[in-house]
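So you can see what is in the structure, the chains are spelled out below.
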Amino acid sequence: MINIADVQATGYDPYEHFFASRYKQGGRTVYAIDWSVRELVTFLPKPDPDKPLGVDATQRRTGPAHAKGFAEYIRNDAGWVSPALLLRSPDIFKFQGVEGLNTGSTQFGLLSVPKDSKTEIQIVDGQHRTLGFHLAWEALSADIEKGRVELAHSKQHDDQVVIQFAQKKLDKLLKRRDEMGTE
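Residues numbered from 1 in each chain as written. Predicted model: local features only at pLDDT ≥ 70, side-chain atom pairs only at ≥ 80, totals over all residues. Heavy atoms only, no water.

Draft legend 1. Local environment of the nonpolar core. Core analysis: the largest hydrophobic core is formed by 29 residues, its most contacted members being W35, I74, V113, F133 and M180. Sorting elements by how many residues they give to this core places helix 3 (residues 127–157) first, with six residues. If we ignore the near neighbours within four places in the chain, the residues touching V113 are P14, Y15, E16, F18, I33, W35, F43 and F93. (Core = buried A, V, L, I, M, F, W, Y, C linked by side-chain atoms within 4.5 Å. Buried < 20%, exposed > 50% of the residue type's maximum accessible area, 1.4 Å probe, protein only. Helix = DSSP H or I, 4+ residues; strand = E, 2+ residues; numbered from the N terminus. Contact = heavy atoms within 4.5 Å.)

Written as structure tokens, this is what we have:
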């Protein structure tokens, strides 16, 4: 039995909340936030290499080969590393500073990001990496789905060797997704 005092249903909150810092740069409010790959593909739009850039575009055209190479890199190299992305959005965030965590120029606190902000955030720098993150996550998700189907089929044939092989393969994919979800 669950004690209702221990339950926190977050699905009804229109925001996701992250630790962040806030400071001013060039007259703009800047937030520094640490997102995992899972959060990045949830909150950032997937760049479309075929979409023409408008006159007010904040990024350069995305090269699919470059993004695909990055996707393979982050998916297959456990030691991958990527520099920060630079994003722009209207004033859609809520920030609550933590008392006593202020350097005078930087405030540390909690940044609330709207769950539906994907259409509001623009990529200024990092469109190839962002597309690569999306491609890697989608490919991994497709492989997991395929692995679940293979496991189900092997269970129908009741061949323990095949079942164990399919389960190990699926477990490896799920582990990599969990790792990417926290990296």
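Draft legend 2. Quick peek at the packing of aromatic side chains. Inspection of the entire model under this criterion finds eight aromatic pairs. For the ring pair Y31 and F95, a centre distance of 5.8 Å and an interplane angle of 40° mean the geometry is tilted. Linking Y31 in strand 2 (residues 28–33) with F95 in strand 4 (residues 94–102), this pair joins segments that are 64 residues apart in sequence. Plain terms: the ring middles of F70 and Y73 are 6.0 Å apart, the flat faces sit at 55° to each other, and that makes the pair tilted. (Phe/Tyr/Trp six-rings, centres within 6.5 Å; stacked < 30°, edge-to-face > 60°.)

Draft legend 3. How the structure looks around the packing of helix 3 against helix 4 (residues 160–182). As a packed pair, helix 3 and helix 4 sit with axes 9 Å apart at the nearest point and diverge in direction by 155°. With respect to helix 4, the axis of helix 3 lies roughly antiparallel. Remark: the crossing between helix 3 and helix 4 carries left-handed chirality. Each of A136, W137, L140, D143, I144, G147, R148, E150, L151, S154 and K155 in helix 3 lies in contact with helix 4, whose residues at this interface are V162, I163, A166, Q167, K169, L170, L173, L174, R176, R177, M180 and G181. (Axes fitted to C-alpha atoms, helices over the stretch in contact; angles between N-to-C directions. Parallel < 35°, antiparallel > 145°, perpendicular 65-115°, else oblique. Left-handed = near helix turned anticlockwise from the far one by under 90°.)

Draft legend 4. Structural detail: the side chain of R75. Tracing the chain through its elements places R75 in helix 2 (residues 64–76). Under the relative-accessibility criterion, R75 is labelled buried at 18%. Among the polar contacts made by the side chain of R75, one reaches the side chain of D143 at a distance of 2.6 Å. Apart from residues lying up to four places away in sequence, R75 is in contact with A136, A139, L140, D143, L173, R176 and M180. (Polar contact = N/O pair within 3.5 Å; in protein donor to acceptor, adjacent residues only side chain to side chain.)

Draft legend 5. Layout of the pairing of strand 5 (residues 106–114). Across the nine residues of strand 5, seven count as buried, placing the element largely inside the fold. For strand 1 (residues 15–25) and strand 5, the ladder comprises nine bridges, and the chain directions are antiparallel. Within strand 5, the residue paired with Y23 across the bridge is T106. Where strand 4 and strand 5 come together, five bridges link them in antiparallel fashion. Note on strand 5: the bridge partner recorded for G97 is G109. (Pairing = 2+ DSSP bridges.)

Draft legend 6. Region of interest: the environment of L101. Mapped onto the fold, L101 is located in strand 4. Judged by relative accessible area, which is 43%, L101 ranks as partly exposed. Along the chain, L101 and H66 lie 35 residues apart, while their C-alpha atoms are 40 Å from each other.

These values are about where atoms sit, not about what they do.
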